[in-house]
Amino acid sequence: MSSPFIVRKAAVLGAGVMGAQIAAHLVNANIETLLFELPADSGNPDANAQKAIERLKKQDPAPLSVIDRANCIEPANYEQHLEKLGDCDLVIEAIAERLDLKAVLYEKITPYLNDQVILASNTSGLSINQLAAAVPESLRSRFCGVHFFNPPRYMYLVELIPGEHSDQGMLDTLESFLVTSLGKGVVRAKDTPNFLANRVGVFSMLATMQHARQFGLSFDLVDKLTGALIGRPKSATFRTADLVGLDVLVHVVQTMQDGLTEDPWHGHYVIPDWLQMLADRGALGQKSGKGVYQKEGKDIYVLNPATDTYELAQSEVDSEIEALLKQEDPAARFAALHDHPHPQAQFLWAVHRDLFHYCAVHLASIADNARDLDLAIRWGFGWERGPFEIWQAAGWNTVTDWIEADIAAGRAMVQVPLPEWVQAVGQGAARGVHAQTGSYAPVIHNLQSRSQLPVYRRQPFPDRLAGEEAVYGETVFETDALRMWHTGDQVAIVSFKTRKHTIDNLVLQGMQRAITEAEHHFRALVIWQTEPPFSLGANLKKATERPKTEAPLVPIAPPAPPSFFEKLFKRARKATEAAVLQAARSLDMADVLMAGKLAEVEGMIAHFQQVSQHLRYSMIPTVAAVDGLALGGGCEFVMHCDRAVVTLESYIGLVEAGVGLLPAGGGCKEFALRAARNAIDNDPFLYLKHYFQTVAMAQLSKSAEQAKVLHYLKPADVVVMNRLELLHVAKTQALALAEAGYRPPLRPRQIVAAGATGIATLKSSMVNLLEGGFISEHDYLVGSQIAHVMCGGDIVAGSRVDEEWLLKLERTAFIELLATEKTQARIAHTLKTGKPLRN
């Protein structure tokens, strides 16, 4: 397929859990999408598909970037609408995991497909070659497996599984589409049962369950041992099973049992009795309200398989083992696990040993190289490190010796020797499978470099593995707080070094210097962080610290890869609450308040406003490249840049009202200015009332698209689907602005204000909420201050003000609120409990 693959319209066949969510993510990417389902028995024939679309609006985490995208999915049925498939460039089949049903469906649809369409199955483990046999020979070159992970919007991994006849050009163009248009991390898997991630991940779960029984450990204790303490999601093992669905887990294990009869571990592909029992009872986990775990009120109960009863989940990790697991040196940590006699330590060693053993023996049959296996587990199961990375970091040769000793002693699950390549790579310079030049590939018995597809040139800093180092360009200058650097293309980049990329006086000083440097020596400036979040806002606790006039240059440490998927789930579910907590943390100023240094806080706020204005009126274009949270002052930086380039999974908001404050880094001013620009008949109130609601309710967007709805982002701001392409797109946008002969916007001298009339109207709307008990007296005070600033103060409606007037109002209102006991109580309570206080 030599021509570019353009997807104007797609179809998803099957409106179940996965099919509907895949359709949702396609419309998230602005792709017209048909969602097919069986016709309803009565009434509207499209009712089954329509019900699936309606369910998307209620799901949590939300499959849709904004709820209105549901209206862009067109419901269809197999009896009336098959001819519509002729207009589709991509058709994804996602019906039940039965070979016979899929074969019948393929026979039914193929007469309606055009001769360029790509047909892909979302099967999680059925043979692609067997499925391909059910499609006409002329279509087999355009048929393959595309396995999304649940939930498709949030899970980064997509497995691309070629069949025997799949065209290589088709696979390359489809991979490029999945990477850029849908924002996925693509791993090519081999056509073996359960493919790659599920094959390894589910084996790891089975091994963990078997060793839990062997060492007599309760399910909740196992989850505490196999979660965050070892770099895996908090859901760990049994809670993950509940989240996935116990029926799904049973099906996946059964697929392995049926399809891997020659596997040395075949005897261990067994569905535990307790798991089968729960599935038979319909206790399927989270979707049925009961599984391995059961919640009663605020208490969590866990199944005891020995008694078939639920007991209060209260097991604790041994303090000595917990301390051991928190050692920073992985080699020391694994040596301690291996040697420690405690059952919890021996359990963890056994779990890792058998996982390493399994991956080594099967690598050649399930993956092209060790990198693909590790990334599949990281992206599909949310581990911080893949199995081979963990092994290599723990000391490849030492761990290899331990595994071989356990195999010889009969302690391993199977007594199959490690393949010869394991010893060979241990003698190489990398002392393992990963190096800067590539990862071990069994077929070539050598290191294999990363994919050379053109789409990956858009990822200057891909997710790196053990043995790889990220070199972030050439330094312009570096301080304790930030680094300015470039990659030789006339675009300067600024990256913060503070914790959670909060903004303190040192960051502000560095930003002023960076903007000035960029104006003199570069064509554009991009703010981009080496890892999320973008910024949790101002750190006013350091407002009284004097910035250094010339900070020494210090090396920037490469960041550890974040547990990306777990963070996404948490943000999507409790985003606003978490945002308020983070705002409180950045505003932890007990020492400042006790010392009576509010004047110095006001000085920092003025400094912050100066930097925001410098971003807005710089002589070179400024671009904010946002991934993850951008709260408070971080959001204000974004609002003041000429352009924002934002990943879909970015959560943006002015959340200060949640802790009894208001945005004072230019956020209120900016909304007042935008309302004035959109004013109808010189009345900005029509727009201002919506902006006021956004700020007063501390609304946080749950996607980049929703940030546009809330007007944190401008219509011209760009949403990027793939987080690894963010910097590339941001720099492209910056250079495009420069190429167009960039000039900063003219400073507005006549900003029409809503004035006293606007303030009174906004206050009256809050009075109704106050009298109804929906807000507190202090909420009313905070809202009144926000109204006062955004309306330009107590002046005649229609009066003209300038930006400095609005910024002064911001500073004054912020300090007045900060001085109140109730705002201080909100900050203290949120820091102590992690929950917002409504006082």
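Let me sum up the structure you'll find in this document. Bear in mind the structure is a predicted one, so any value in this text is a computation, not a measurement. (Residues numbered from 1 in each chain as written. Predicted model: local features only at pLDDT ≥ 70, side-chain atom pairs only at ≥ 80, totals over all residues. Heavy atoms only, no water.)

1. Some remarks on the overall build of the protein chain
Now for step 1: Each helix and strand in the protein chain was counted, giving 30 helices and 23 strands.
Now for step 2: By the compact-globule yardstick of 28 Å for 839 residues, the protein chain fits well, its C-alpha radius of gyration being 28 Å.
Now for step 3: With the C-alpha coordinates aligned to their principal axes, the bounding extent of the protein chain is approximately 85 × 65 × 60 Å.
Now for step 4: Scored against the burial criterion, the 839 residues of the protein chain give a buried share of 58%.
Now for step 5: Summarising the internal contacts of the protein chain: among those between residues at least 6 apart in sequence, 72% fall at separations of at least 24.
Now for step 6: When the accessible surface of the protein chain is totalled, it reaches about 33300 Å², and 52% of it is carbon and sulfur.
Now for step 7: On the protein chain, the mean spot of the 80 positive side-chain charges and the mean spot of the 95 negative ones are 5 Å from each other. (Helix = DSSP H or I, 4+ residues; strand = E, 2+ residues; numbered from the N terminus. Rg over C-alpha atoms; globule rule 2.2 N^0.38 Å. Buried < 20%, exposed > 50% of the residue type's maximum accessible area, 1.4 Å probe, protein only. Contact = heavy atoms within 4.5 Å. Areas by Shrake-Rupley, 256 points an atom, 1.4 Å probe, with all protein chains shown as cover. Lys, Arg positive; Asp, Glu negative; His and termini not counted. Charge placed at Lys NZ, Arg CZ, Asp CG, Glu CD.)

2. A closer look at the pattern of salt bridges
Now for step 1: A full pass over the atoms with the stated rule returns 32 salt bridges.
Now for step 2: Among the salt bridges present, the one from Lys326 reaches Glu322, with a minimum N-O distance of 3.2 Å.
Now for step 3: In this structure, Arg483 engages Glu478 in a salt bridge whose closest nitrogen and oxygen atoms are separated by 3.9 Å.
Now for step 4: What makes Arg483 buried here is its relative accessible area of 5%.
Now for step 5: On the basis of relative accessibility, which here comes to 6%, the residue Glu478 falls in the buried class. (Salt bridge = Lys/Arg side-chain N within 4 Å of Asp/Glu carboxyl O.)

3. Here we look at the side chain of Gln529
Now for step 1: Here Gln529 is to be found in the loop between β18 (524-528) and α19 (564-586).
Now for step 2: Of the polar contacts made by the side chain of Gln529, one reaches the backbone oxygen of Phe534; its length is 3.0 Å.
Now for step 3: Once residues lying within four places of it in the same chain are set aside, the contact partners of Gln529 are Ser495, Phe496, His501 and Phe534. (Polar contact = N/O pair within 3.5 Å; in protein donor to acceptor, adjacent residues only side chain to side chain.)

4. Some details on the pairing of strand β4 (residues 90-93)
Now for step 1: By the alternation rule, side chains of β4 split into Leu90 and Ile92 and Val91 and Glu93, which are all buried.
Now for step 2: Sheet topology places strand β1 (residues 9-13) next to β4; 4 bridges connect them, and they run parallel. Note on β4: the bridge partner recorded for Ala10 is Leu90.
Now for step 3: Bridge count for β4 against strand β5 (residues 118-121) is 4 bridges, and the pairing is parallel. Within β5, the residue paired with Val91 across the bridge is Leu119.
Now for step 4: You can see the chain leave β4, run along helix α3 (residues 99-109) and come back into β5, and the turn it takes is right-handed. (Pairing = 2+ DSSP bridges. Right-handed = clockwise from strand over helix to strand, strands pointing away.)

5. Some words on the sheet that holds strand β12 (residues 434-435)
Now for step 1: Read from one edge of the open sheet, 3 strands run β12-β13-β14, paired in antiparallel fashion. A strand with exactly one partner marks an edge of an open sheet, and here the two such strands are β12 and β14 (446-448).
Now for step 2: Where β12 and strand β13 (residues 438-441) come together, 2 bridges link them in antiparallel fashion. Bridging from a neighbouring strand, Ala435 pairs with Gly438 of β13.

6. What about the side chain of Thr110?
Now for step 1: With respect to the helices and strands, the residue Thr110 is situated in the loop between α3 and β5.
Now for step 2: Not counting residues within four places of it along the chain, the set of residues in contact with Thr110 comprises Pro136 and Leu139.

7. Regarding the nonpolar core
Now for step 1: Phe496, Met511, Phe637, Ile652, Tyr712, Met790 and Phe814 are the most contacted members of the largest nonpolar core, which has 91 residues in total.
Now for step 2: Element by element, the count of residues in this core is highest for helix α29 (residues 803-818), at 7 residues.
Now for step 3: In terms of nonpolar packing, the next biggest core, distinct from the first, is built from 69 residues, Phe36, Cys88, Leu157 and Leu363 among them. (Core = buried A, V, L, I, M, F, W, Y, C linked by side-chain atoms within 4.5 Å.)

8. Things to note about the packing of helix α23 (residues 667-677) against helix α24 (residues 685-696)
Now for step 1: For the pair α23 and α24, interaxial distance at closest approach is 9 Å and the crossing angle is 160°. Classed by the angle they form, the pair α23 and α24 counts as roughly antiparallel. Classified by chirality, the crossing of α24 by α23 is right-handed. Only Tyr687, Leu688, Tyr691 and Val695 of α24 make contact with α23, whose side of the interface consists of Phe671, Ala672, Arg674 and Ala675.
Now for step 2: Looking at the contact of α23 with α24, its residues break down into 7 nonpolar, no polar and 1 charged. (Axes fitted to C-alpha atoms, helices over the stretch in contact; angles between N-to-C directions. Parallel < 35°, antiparallel > 145°, perpendicular 65-115°, else oblique. Left-handed = near helix turned anticlockwise from the far one by under 90°. Nonpolar A, V, L, I, M, F, W, Y, C, P; charged D, E, K, R; others polar.)

9. Some words on the sheet that holds strand β17 (residues 491-496)
Now for step 1: Spatial strand order, β15-β16-β17-β18-β19-β20-β21: 7 strands in an open sheet with mixed pairing. Because the sheet does not close on itself, it has two edges, and the strands there are β15 (474-478) and β21 (718-720). The average angle at which neighbouring strand axes cross in this sheet is 25°, direction not considered.
Now for step 2: Pairing geometry for β18 and strand β19 (residues 622-631), over 4 bridges, is parallel. Residue pairing for β19: Val526 is matched across the bridge by Val623.
Now for step 3: Packed onto the sheet, helix α18 (residues 505-521) meets β15, β16 (482-486), β17 and β18 and runs at close to 20° relative to β16.
Now for step 4: With respect to the sheet, helix α22 (residues 633-640) is in contact with β17, β19 and β20 (643-653), its orientation differing from that of β19 by roughly 150°.

10. Details of the packing of aromatic side chains
The way to describe two aromatic rings as a pair is by their centre distance and the angle between their planes.
Now for step 1: Counting across every chain of the model gives 28 aromatic pairs.
Now for step 2: Taken together, a centroid distance of 5.7 Å and an interplanar angle of 50° make the contact between Phe238 and Trp274 tilted. Of the two residues, Phe238 sits in helix α8 (residues 238-244) while Trp274 sits in helix α10 (residues 273-281), which places them 36 residues apart along the sequence.
Now for step 3: On the numbers, 4.7 Å between centres and 45° between planes, the contact of Phe461 with Tyr472 is tilted. (Phe/Tyr/Trp six-rings, centres within 6.5 Å; stacked < 30°, edge-to-face > 60°.)

11. Quick look at the state of the cysteines
Now for step 1: Per the stated rule, a full pass over the model turns up 0 disulfides.
Now for step 2: In this model Cys88 remains outside any disulfide bridge; the closest cysteine sulfur is found in Cys72, 15 Å from its own. (Disulfide = S-S within 2.5 Å.)

The analysis is restricted to geometry; functional conclusions fall outside its scope.
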